[in-house]
Amino acid sequence: MGKSRLAIQAAGDLDKHFADGVWFVDLAPLHAPDQIAGAILREFGLPPASPDSAVARLLEHLRRCQALLVLDNFEHLLAGAEFLPALLNVAPALKLLVTSRVRLHLAEEWLLPLGGLATPPATGTLAEDSLKHNEQEELTSFASIQLFLQRIERLDPSFQPTPAELQQIADICRLLDGMPLGIELAAAWVRSLSLAEITAAVRSRLQLFTTTLRNIPPRHRSMPAVFDHSWRLLDTHARGLLRQLAVFRGGWTCAAAAAVTGATPIELESLVDSSWVRVANQRFSLHELVRQYCVEKLCEEHELETGEPVMAVHRRHCAYYADLTGAEEQALNWQREPMARFSADFGNLEAAWMWAIDQGEFSATRQMMIGLFFFAEMMGWYSAMLPFFERAANALRTRWQHAGGDATARQETALLLAIILYIEQTLLVHLGWLARVQECVDEARAVLDGAIRDARWVEQDFLVRWATTCLRLEWGNFAVAHTSARELLAFLQTNTFPCYPYRAEIGTRFWQMQMHHMLGVTARLMGDHATAWTHSEAANALCDEMGEQRFKTRNLREIATLMQLRGENEQALSSAQNALALSQRFEDQMGVAYGAWRLGEIELDAGLLTLASEHCRHGLAVALETGEHKLHIRSLVTLARGARLSGQLAAARQRLEEALRACAQPDITHSNLLAVVFLELGHVACAEQAWAQARHFYIEALAVKGCDAAETQAAQAGLAEVVWADNKSEFRS
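1. Topic: the packing of helix α32 (residues 674–687) against helix α33 (residues 691–703)
Phase 1: One can describe the packing of α32 onto α33 by two numbers: an axis separation of 8 Å at closest approach and a directional angle of 165°. Judged on the interaxial angle alone, α33 and α32 are roughly antiparallel. Handedness of the α32/α33 crossing: left-handed. Between α32 and α33, the residues in contact are A675, F678, L679, L681, G682, H683, A685 and C686 and W691, Q693, A694, F697, Y698, E700 and A701, respectively.
Phase 2: Of the residues belonging to the contact of α32 with α33, the class tally is eleven nonpolar, three polar and one charged.

Okay, structure coming up:
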């Protein structure tokens, strides 16, 4: 981490405080501790001596010396560390500044652990022209980026990074955690590789980090050389632990290390002291370049030295995180703690999931799928995690097709594939990709039709029927979806079968709650507010009975919507605020985003335009980040309504045009949200007294399949206003 350079800089800054000066001794060339005294003597310009006489001569020379002695690269001479307190005892005015990759373990030692140079925080991807001048200046204020640019300037003095290139440099520096040597070696490749290629190499190609400069010490000419030097200082057991720790992605806990590698807390602390492992907030980690180095060692040495296949290490890693995920899934909608654990270990969950699929370890896939699914939903990682389940579905299709006459394998594969397809279609609904949703539902139906109808089949069959109901809602078939949900509720109330959350005391009540919510929503969309209220209250009561929190927030938002439609704005505000607060406590990002948008909708009706704008902007930001289609359109329309009510008609129209473009994306084959977009465009046109345009937009809104009862009523009222305006104009003429 640039410890030698930092020590030299610090020593130079302190020179004026030492009457006898600052002395720098490079210990890297030494091979044994008994050579330390002789090396210091040489630095002072004193005659050489044998090891025994060198110590005595050095102690005598330093006795009355007021100096700072910098001892650089002490890590390979730890057996001689006890010599340092002897120096201090003899020379009270002497100060020692020691650099080492390994802790000295001396009572007199004051540790200053070194991290990397400062790096900018991760942000969303910015287009080349969107990085403003002040943002560029802010990026170039970070020491890591300054170092990268300095090294490029030596190779190409004319280099002026574009905003996009500056972002890529920031990404490289973040991936390297600000490691100075890594940054210098990466920057050296700019003449041969693009910044994007260097970024990819940082993630996977340790061998890229080399230099051909002649005046660089051999141990610093490449990252492998740096690590080789420290690797040779480790004992066999420590090397074995590091090789296995390389399978972790993004860090690990003591419990995880014990399960996968057998490492004890004391052994982990020892690896921290030797600068191989980092620790913060009770989590350990490897720098990414260190991890790549240890992965190579795992592949090259582990089986040779232990007789254990490398696959066994990965299997233990996968098994640990599969067990962890399976144990947490029942609590995911009830407690917030699993979310924090999943967030911290997402890199490990991803690695375990992908390994299980590639190796055909589908029992681990089954353990992890529900936990990862709910995590994706709460974090809004729909696009990011969709490939997880698509990859699993592809592997299961292949297995199902090749199961042949093995009825057991075929049945297990069919049931697992069906639920993976259910998860896949749910993520696709969030993105608004309904054609692909239909494909998943149809495939799941076909798979189950060819499976044996055992107890587990009942759950999967129910999920396909439920997915079909949700799809009907998205297509705008509210009455059909309502009827289907009523049939499913009756089925759940009269049948018992294993289903999420697989807790006997809850039985099918979780899904009964979902049916009541669907019945409430569809009844509201059809204008039957009394029925909607009954089912929404029933859904909320079931959440309270079960102690479930995540979906309770959704039910509270629906109740707030019904209150708003009844003109009970004060009660609606209270319900929406309670929903938002609960989602915030639960750390459900999507619940918070939807809660903020819903609260903004109600605040508009209450005349709280500034608050409404703030809340809807938060919803829009999350929608853009996650791809959540409904939230994207709803937030834009609400912001447009707020702009219209504020008299900012051009801004309102701009928001609505953005919403139209979002609904016209290639993967969005149908969106019943077009109705509310056209409706608001009609209102804007009325405000502009563009009556022909207003009529056109209101008619377009009514033509949308999925224009609900409230929207229909508003569009018809808008048309009536247009007719009145036309008649008034004719009367005047």
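Next comes the rest of the account.
2. Overview of a nonpolar patch on the surface
Phase 1: A surface patch of nonpolar side chains, amounting to about 290 Å² of accessible area, comprises L6, L112 and L114.
Phase 2: Relative to the helices and strands, L6 is located in helix α1 (residues 3–14).
Phase 3: L6 gets classed as partly exposed once you look at its relative accessible area, which sits at 43%.

3. Here's the deal with the environment of N89
Phase 1: Secondary-structure assignment places N89 in helix α4 (residues 83–90).
Phase 2: Remark: the alpha-carbon pair of N89 and R63, spanning 26 residues in sequence, is separated by 9.0 Å.

4. Description of the sheet that holds strand β2 (residues 68–72)
Paired through backbone hydrogen bonds, the strands of a sheet run either parallel or antiparallel to each other.
Phase 1: With respect to topology, three strands assemble into an open sheet ordered β1-β2-β3, the strand pairing being parallel. Each of the sheet's edge strands pairs with one partner strand only, and the pair in question is β1 (22–26) and β3 (95–98). Recorded for the sheet is a direction-independent mean angle of 20° between the axes of neighbouring strands.
Phase 2: Sheet topology note: the β1/β2 ladder contains five bridges and is parallel.

5. A word on the nonpolar core
If you look at soluble globular proteins, the nonpolar side chains tend to sit buried side by side.
Phase 1: Within the largest apolar cluster, 179 residues are counted, with the highest numbers of intra-cluster contacts made by W252, W353 and W511.
Phase 2: The residues contacting W252, other than those within four sequence positions of it, are L245, A257, L268, V277, Q282, R283, F284, S285, L286 and Y321.
Phase 3: Residues L41, F44, L62 and L69 belong to the second largest nonpolar core, which totals 27 residues.

6. Concerning the packing of helix α28 (residues 589–605) against helix α29 (residues 609–626)
Phase 1: Running from amino to carboxyl end, α28 crosses α29 at an angle of 150°, the nearest separation of the two axes being 8 Å. In this structure, the crossing between α28 and α29 has a hand that is left-handed. Only L609, L611, A612, H615, C616, H618, G619, V622, E625 and T626 of α29 make contact with α28, whose side of the interface consists of Q589, M590, V592, A593, A596, W597, L599, G600, E601, E603 and L604.

7. Examining the pattern of salt bridges
Phase 1: Under the criterion given, the structure shown has 32 salt bridges.
Phase 2: The residue R456 makes a salt bridge to D454 at a minimum N-O spacing of 3.6 Å.
Phase 3: In this structure, K552 and D544 form a salt bridge, with 2.8 Å as the shortest nitrogen-oxygen distance.
Phase 4: Residue K552 is classed as buried on the basis of its relative accessible area, which comes to 16%.
Phase 5: It is possible to trace a salt-bridge network through shared partners that takes in R243, K297, E301 and E305.

8. Overview of unusual backbone geometry
Phase 1: The amide bond that connects Y500 to the next residue, P501, takes the cis arrangement and shows omega of 5°.
Phase 2: Along the chain, P501 falls in the loop between α23 (478–494) and α24 (509–525).
Phase 3: The residue H105 is not glycine, and still its phi comes out positive at about 60°.
Phase 4: Residue placement: H105 occurs in the loop between β3 and α5 (133–140).
Phase 5: Backbone geometry at Q689 places phi at a positive 60°, although glycine is not the residue there.
Phase 6: Considering the arrangement of structural elements, one finds Q689 in the loop between α32 and α33.

9. Side note on the side chain of E711
Phase 1: Relative to the elements of secondary structure, E711 occurs in helix α34 (residues 709–732).
Phase 2: Beyond its immediate stretch of four places on either side in the chain, E711 contacts R634, A675, V676, L679 and G706.

10. Brief notes about empty space enclosed by the protein
Phase 1: Under the counting rule described, the total for this entry stands at two cavities of 30 Å³ or more.
Phase 2: The volume enclosed by the largest cavity comes to roughly 80 Å³.
Phase 3: Lining the largest cavity we find V429, G432, L434, E474, H629, K630, H670, S671, N672 and L673.
Phase 4: Looking at the lining of the largest cavity, its residues break down into three nonpolar, five polar and two charged.
Phase 5: By volume, the second largest cavity amounts to about 50 Å³.
Phase 6: As for the second largest cavity, its lining consists of A418, L421, Y422, Q425, C440, V441, A444, L463, V464 and A467.
Phase 7: Secondary-structure elements contributing two or more residues to the lining of the second largest cavity are α20 (407–431), α21 (434–449) and α22 (455–474).
Phase 8: No other element matches the four residues that α20 contributes to the lining of the second largest cavity.

Conventions we followed
Residues numbered from 1 in each chain as written. Predicted model: local features only at pLDDT ≥ 70, side-chain atom pairs only at ≥ 80, totals over all residues. Heavy atoms only, no water. Axes fitted to C-alpha atoms, helices over the stretch in contact; angles between N-to-C directions. Helix = DSSP H or I, 4+ residues; strand = E, 2+ residues; numbered from the N terminus. Parallel < 35°, antiparallel > 145°, perpendicular 65-115°, else oblique. Left-handed = near helix turned anticlockwise from the far one by under 90°. Contact = heavy atoms within 4.5 Å. Nonpolar A, V, L, I, M, F, W, Y, C, P; charged D, E, K, R; others polar. Patch = residues over 30% accessible without salt bridge, like charges linked within 9 Å, V, L, I, M, F, W, Y side chains within 5 Å. Areas by Shrake-Rupley, 256 points an atom, 1.4 Å probe, with all protein chains shown as cover. Salt bridge = Lys/Arg side-chain N within 4 Å of Asp/Glu carboxyl O. Buried < 20%, exposed > 50% of the residue type's maximum accessible area, 1.4 Å probe, protein only. Pairing = 2+ DSSP bridges. Core = buried A, V, L, I, M, F, W, Y, C linked by side-chain atoms within 4.5 Å. 1 Å grid on protein atoms, 1.4 Å probe; cavity = no way out; pocket = protein on both sides within 12 Å on 5 of 7 lines; lining within 4 Å. Points joined across faces, edges and corners; volume = space filled by probe spheres on them.

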